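In case you want the letters, here they are:
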Amino acid sequence: MGLIASIGMPEIVAGIMVLALNAYVLMGGADFGGGVWDLLALGPRREAQRALIASSIAPVWEANHVWLIVSVVMLFTAFPVAFSTLGIVLHIPISIMLIGIVLRGSAFVFRSYGAGVGPARRRWSLAFAGASILTPLTLGIIIGTIATGDVGSAAGEVGAESFARVFVWPWLAPFPIAVGCFALALFAFLAAVYLAVDAATAPNTPGHETVDDDSARTRAELADDFRRRALIMAALVFVAAAVALALSRAAAPRLSARVAGAPWSVALHVCTAIAAITAIVALWRRRYRAARLAAIVQVSCILWGWAFAQYPFIIPMTLTIRQASAPAVTLTLLLCGLAAGAVILIPSLRYLLRTFHGADDSMTS
Amino acid sequence: MTNLLAARTQMALSLGFHIIFAEIGIAMPVLMVLAEWRWRRSGGLDDEYLQLAKRWAKGSAILFAVGAVSGTVLSFELGLLWPGFMQFAGPIVGMPFSLEGFAFFTEAIFLGVYLYAWGRISPTAHLAAGVIVAVSGAASAVFVVMVNAWMNSPTGLLMSGGRITHIDPIAGMLNPSTLQQALHMLLASYAATGLAVAGIHAAMLLRRRDAMFHRHALGLALLVGAPAAVLQPLSGDLSARTVAVWQPVKLAALEGQFDTEQGAPLRIGGWPDVAARQTKYALEIPHGLSLLAFHDWNAEVRGLMAFDPNDWPPVAPVHVGFQIMVALGTLMALVSLWAGWVALRGRRFAEHTALLRALAIVTPFGFIATEAGWTVTEVGRQPWVVQGILRTSDAVTPMPGLVVPMIVFALLYVGLSAIVGATIAGLVRETR
């Protein structure tokens, strides 16, 4: 297979970069999804839902967020030309995403530690939730635009063409927006599944530390709330995927052809489909941990499908991974650094997740 | 406003905003860990120390989060505003940035553990988590400063015809400014944060002398801030001598030295009149600059006029920024020495009204000095983004209309500053 024969250091680094992005989507993405459910908290257990979301996100969101920084740093270290091209052409959506990141993080801590109750708290909730929608949407738009191949052609027209044609129309188009909605749906789906697990396994539901029976019932009800949401999202994910795929035929013909026809793509499609169905069945039967695993596989398959469809391009049709690659010495050092970092990081992350696995908020003053 | 100026302003605002939170993120974990450690050493009896650790942790959680998100903005802004720089320097400066990424990762993980795992893990594990946060915070500062040091004294690359032909990222990391700048930044973090915290608690003590909570807090904050503030002038001397060798134009600008002369004077204050090519109204200490910069009474100091005016930085902000940094740093060192003297004589800080007042006044000095110092090093390097190799104007993005994102981000930072200020003030008020 040509794919395997052509793998060298740049491809390995690019693969690790996608892995970091994958981790960001699974962890950071779900934190954004949590913000969506904060906004859509409904029904008699509305406050319990919000409390569960806050306690699930609080200890881990900053660590989860670092995956994005790792991906970006890898991009500009190993593929500096790609980074600067994206920075130029996608200046506007990236800036919007950054504003979303800043607002989400700060609104969340202001709400947690600032003014206790009242209108201020509600305002922060709104900012937190709004930013949690804006950020995945723009992240998806950015990825969608890269996939179309319009970034590369726009970069060639910088200075010569009208502003909107280079800096606006490539990303403000149906396909990138569809990918943005798809990303938002995926993150909300992941979050609902994770929250169902957290609700089902939490030793004490925040705000409901009453008699054990009572608490167990509330937990089951809360888990059911998120189960319902996860099932609805599973359907919406399917719709969003169908729309994006349909639009991709015209907007990103090469990507579309690769997703439909390449030999690896069949295997990936099968994996995605099995994972998606497993997630739905497991949710239906309230096997939340199995549903979580299936959702993780499903979302990862979709991300890797995009990565493989683009291969060997890092910016489709203009810049391949090879062409964008930094000198070998940089890649070697980067791989050494990543290996050393992983030795520290993986046990630390496991420790973090173990400490807070399905746990309540113990920060009291 | 030109595109270049808009980009520089946005970058300056972003860095100027982030650096405060970064400093606090470096030093606050040390304070939290010290408080928790004192509580444990008292056998868990001195509850005030535990309350203090938790209070400080609460404040740090907010400041750390804002620091984390504003740092993310910066990592993207490198490409949004300076694609030319990143395309050129990414393969070299990417290495310290990657290491910083891991240090920051460790910091974020264990901060989560520290903040939310009280009572969930063993006391030793909890304290250890705090120590890891403090160490990784310092490490990430060192890695980031390495990048800036490289921009000031770029090593580890061979060039021919304007293109890089060979790079050595390790040599780039260990450039001649790294050690001095990293030391200066770390000391600045401990001094600024330590004395700011000390100042807040000193102000509270002026209202109520008997509050054990604030007495404990003041003692620990001075323990962190005062030694750093006393050492900082020495580290500044080290930095200045490196600048004298590697960035003589920057040295001339920050001293307001237009003429090349032997036995150059040290100018205190004054206003550099670029048109007249002289610094007016300064107090001049004969031979002072030669002595400080080269440790030689009669050393020759090259003035700005020895260089092409196209390579001059804006002289006035650099000179004035330097004066502000040195003046505030000196005052901080003096107040710290005073506090040390009071401690040595066995007197309690809380009973020394004059010292408490001085500490309360000094509260913001460290952060103002940091902003001034950062202005000196960044504006002082202009018109270069990489000293002598890449001009800032060649690094800026070709996207027109940069004034719009600049205003948007400026408003964002102004709003956030106000909210953070109000939130922290609220937390402080609760301890009355």
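Everything quoted here is computed from the prediction, not taken from an experiment.

Trainee: Describe in detail the overall build of chain B, supporting the description with residues and values.
Mentor: A tally of helices and strands in chain B yields 14 helices and 10 strands. Whereas a compact globule of 432 residues would reach a radius of gyration of roughly 22 Å, chain B reaches 23 Å, a difference of no more than 12%. For chain B, the C-alpha atoms occupy an extent of roughly 70 × 45 × 40 Å along the three principal directions. Each of the 432 residues in chain B was classed as buried or not, and the buried ones make up 55%. Here the contacts in chain B between residues at least 6 apart in sequence split such that 76% fall between residues at least 24 apart.

Trainee: Which residues make up the overall build of chain A, and what values go with them?
Mentor: Each helix and strand in chain A was counted, giving 16 helices and 2 strands. Whereas a compact globule of 365 residues would reach a radius of gyration of roughly 21 Å, chain A reaches 21 Å, a difference of no more than 12%. A buried classification covers 54% of the 365 residues belonging to chain A. Put simply, 81% of the contacts in chain A that link residues at least 6 apart link residues at least 24 apart.

Trainee: Outline helix α3 (residues 83–116) of chain B, supporting the account with residue identities and numerical values.
Mentor: Here α3 of chain B contains 34 residues, and its C-alpha end-to-end distance of 39 Å is more than 12% below the 50 Å for a straight helix at 1.5 Å per residue. The largest bend in α3 of chain B amounts to roughly 80° and is located at Gly90 of chain B, with the proline Pro91 of chain B lying one to four residues further along.

Trainee: Outline unusual backbone geometry, listing residues and values.
Mentor: The amide bond that connects Tyr311 of chain A to the next residue, Pro312 of chain A, takes the cis arrangement and shows omega of 5°. Here Pro312 of chain A shows up in the loop between α14 (288–310) and β1 (313–315). Here the amide bond leading from Gln382 of chain B into Pro383 of chain B is cis, since omega sits at 5°, within 30 degrees of zero. In this fold, Pro383 of chain B is placed in the loop between α12 (365–379) and β9 (384–386). For His287 of chain B, which is not a glycine, the phi torsion comes out positive at approximately 65°. Mapping His287 of chain B onto the fold places it in the loop between β7 (283–285) and α9 (288–294). One non-glycine residue with positive phi stands out, namely His295 of chain B, at about 55°.

Trainee: Now, about the confidence of the model for chain A: what can you tell me, with residues and values included?
Mentor: Residue and element names in this part refer to chain A. When pLDDT is averaged along chain A, the result is 88, and 91% of the positions lie at 70 or above. Per-element confidence in chain A ranges from a low mean pLDDT of 62 for helix α1 (residues 2–5) to a high of 95 for helix α10 (residues 174–201). When the criterion is pLDDT under 50, residues 205–211 qualifies, and its contacts beyond four places in sequence or with other chains add up to 20 contacts. Low confidence marks residues 358–365, where pLDDT is under 50. Its contacts with residues over four positions away, or in another chain, come to 24 contacts.

Trainee: Break down the pairing of strand β2 (residues 163–167) of chain B for me, citing the residues and quoting the values.
Mentor: Sheet analysis places strand β1 (residues 157–160) of chain B next to β2 of chain B, joined by 4 bridges and oriented antiparallel. Directly across from Met159 of chain B, in β2 of chain B, lies its bridge partner Ile164 of chain B.

Trainee: Which residues make up the interface of chain B and chain A, and what values do they have?
Mentor: Where the parts come together, the accessible area they lose is often given as the size of the interface. On the chain A side, the residues contacting the 55 residues of chain B number 57 residues. Those elements that place two or more of their residues in the side of chain B that touches chain A are α2 (47–81), α3 and α14 (403–429) of chain B. By residue number, the principal contributor to the side of chain B that touches chain A is α3 of chain B, which donates 22 residues.

Trainee: I'd like a description of the nonpolar core, backed by residues and values.
Mentor: Phe189, Leu190 and Ala192 of chain A together with Leu31 of chain B are the most contacted members of the largest nonpolar core, which totals 278 residues. Beyond its immediate sequence surroundings of up to four residues, Leu190 of chain A is in contact with Leu26, Gly29, Ala30, Gly33, Ala295 and Val299 of chain A.

Trainee: Which residues make up the packing of helix α5 (residues 80–89) of chain A against α3 of chain B, and what values do they have?
Mentor: Each pair of packed helices gets described by two things: the angle between the helix axes and the distance between those axes. Interaxial distance between α5 of chain A and α3 of chain B falls to 8 Å at its minimum, and their mutual angle equals 165°. In terms of orientation, α5 of chain A and α3 of chain B fall into the roughly antiparallel class. Taken as a pair, α5 of chain A and α3 of chain B cross one another with a handedness that is right-handed. Between α5 of chain A and α3 of chain B, the residues in contact are Pro80, Val81, Phe83, Ser84, Gly87 and Ile88 of chain A and Pro83, Met86, Gln87, Gly90 and Pro91 of chain B, respectively. Looking at the contact of α5 of chain A with α3 of chain B, its residues break down into 7 nonpolar, 4 polar and no charged.

Trainee: Describe the environment of Gly130 of chain B, with residues and values.
Mentor: Residue and element names in this part refer to chain B. Take Gly130: it is sitting in helix α4 (residues 123–152). With 25 C-beta atoms counted inside 10 Å, the residue Gly130 sits in the buried group. Linking Gly130 and Pro29, residues 101 residues apart in sequence, is a C-alpha distance of 6.3 Å. Apart from the residues within four sequence positions on either side, Gly130 is in contact with Pro29, Met32, Val33, Glu36 and Tyr114.

Trainee: Hey, could you go over the environment of Ser56 of chain A for me, with residue numbers and the actual values?
Mentor: Residue and element names in this part refer to chain A. Its location among the elements puts Ser56 in helix α3 (residues 46–57). For Ser56, a count of 26 C-beta atoms within 10 Å puts it in the buried group. For the pair Ser56 and Phe356, spaced 300 residues apart in sequence, the C-alpha separation works out to 8.2 Å.

Trainee: Outline α4 of chain B, listing residues and values.
Mentor: The end-to-end C-alpha distance of α4 of chain B, which contains 30 residues, comes to 44 Å, matching closely the 44 Å that a straight helix rising 1.5 Å per residue would cover. Within α4 of chain B, 21 of the 30 residues are buried, leaving the element largely enclosed by the surrounding structure.

Trainee: Provide a residue-level description of the confidence of the model for chain B, including the pertinent values.
Mentor: Residue and element names in this part refer to chain B. In the predicted model, chain B carries a mean pLDDT of 93, and the fraction of residues at 70 or more is 100%. Per-element mean pLDDT across chain B ranges from 87 in β2 up to 97 in α12. In the predicted complex, the global pTM is 0.93; the interface-specific ipTM is 0.92.

Trainee: How would you explain the environment of Pro313 of chain B if you had to name every residue and give the values?
Mentor: Residue and element names in this part refer to chain B. Position of Pro313 among the secondary structure elements: in the loop between β8 (300–301) and α10 (315–344). Between the C-alpha atom of Pro313 and that of Leu254, which follows or precedes it by 59 residues, the distance is 9.6 Å. Dropping the residues within four chain positions of it, Pro313 is found in contact with Val249, Lys250, Ala253, Val318, Val379, Gly380, Arg381 and Gln382.

Trainee: Pulling in residues and values, what's your account of the packing of α2 of chain B against α14 of chain B?
Mentor: Residue and element names in this part refer to chain B. Orientation of α2 relative to α14, taken along the N-to-C sense of each, is 170°, at an axis distance of 10 Å. Taken together, α2 and α14 sit at an angle that is classed as roughly antiparallel. Here α2 contributes Lys58, Gly59, Ile62 and Val66 to the contact with α14, which in turn contributes Leu416, Val420, Thr423, Ile424 and Leu427. Looking at the contact of α2 with α14 residue by residue, the class counts come to 6 nonpolar, 2 polar and 1 charged.

Reading guide: rules and limits
- Residues numbered from 1 in each chain as written.
- Chains lettered and ligands numbered in written order.
- Predicted model: local features only at pLDDT ≥ 70, side-chain atom pairs only at ≥ 80, totals over all residues.
- Helix = DSSP H or I, 4+ residues; strand = E, 2+ residues; numbered from the N terminus.
- Rg over C-alpha atoms; globule rule 2.2 N^0.38 Å.
- Buried ≥ 20, exposed ≤ 12 C-beta atoms within 10 Å, placed from the backbone.
- Contact = placed C-beta atoms within 7 Å.
- Expected span 1.5 Å × (residues − 1).
- Bend = angle between axes of the 7 residues up to and from the residue.
- pLDDT = per-residue confidence, 0-100.
- Pairing = 2+ DSSP bridges.
- Core = buried A, V, L, I, M, F, W, Y, C linked by C-beta atoms within 7 Å.
- Axes fitted to C-alpha atoms, helices over the stretch in contact; angles between N-to-C directions.
- Parallel < 35°, antiparallel > 145°, perpendicular 65-115°, else oblique.
- Left-handed = near helix turned anticlockwise from the far one by under 90°.
- Nonpolar A, V, L, I, M, F, W, Y, C, P; charged D, E, K, R; others polar.

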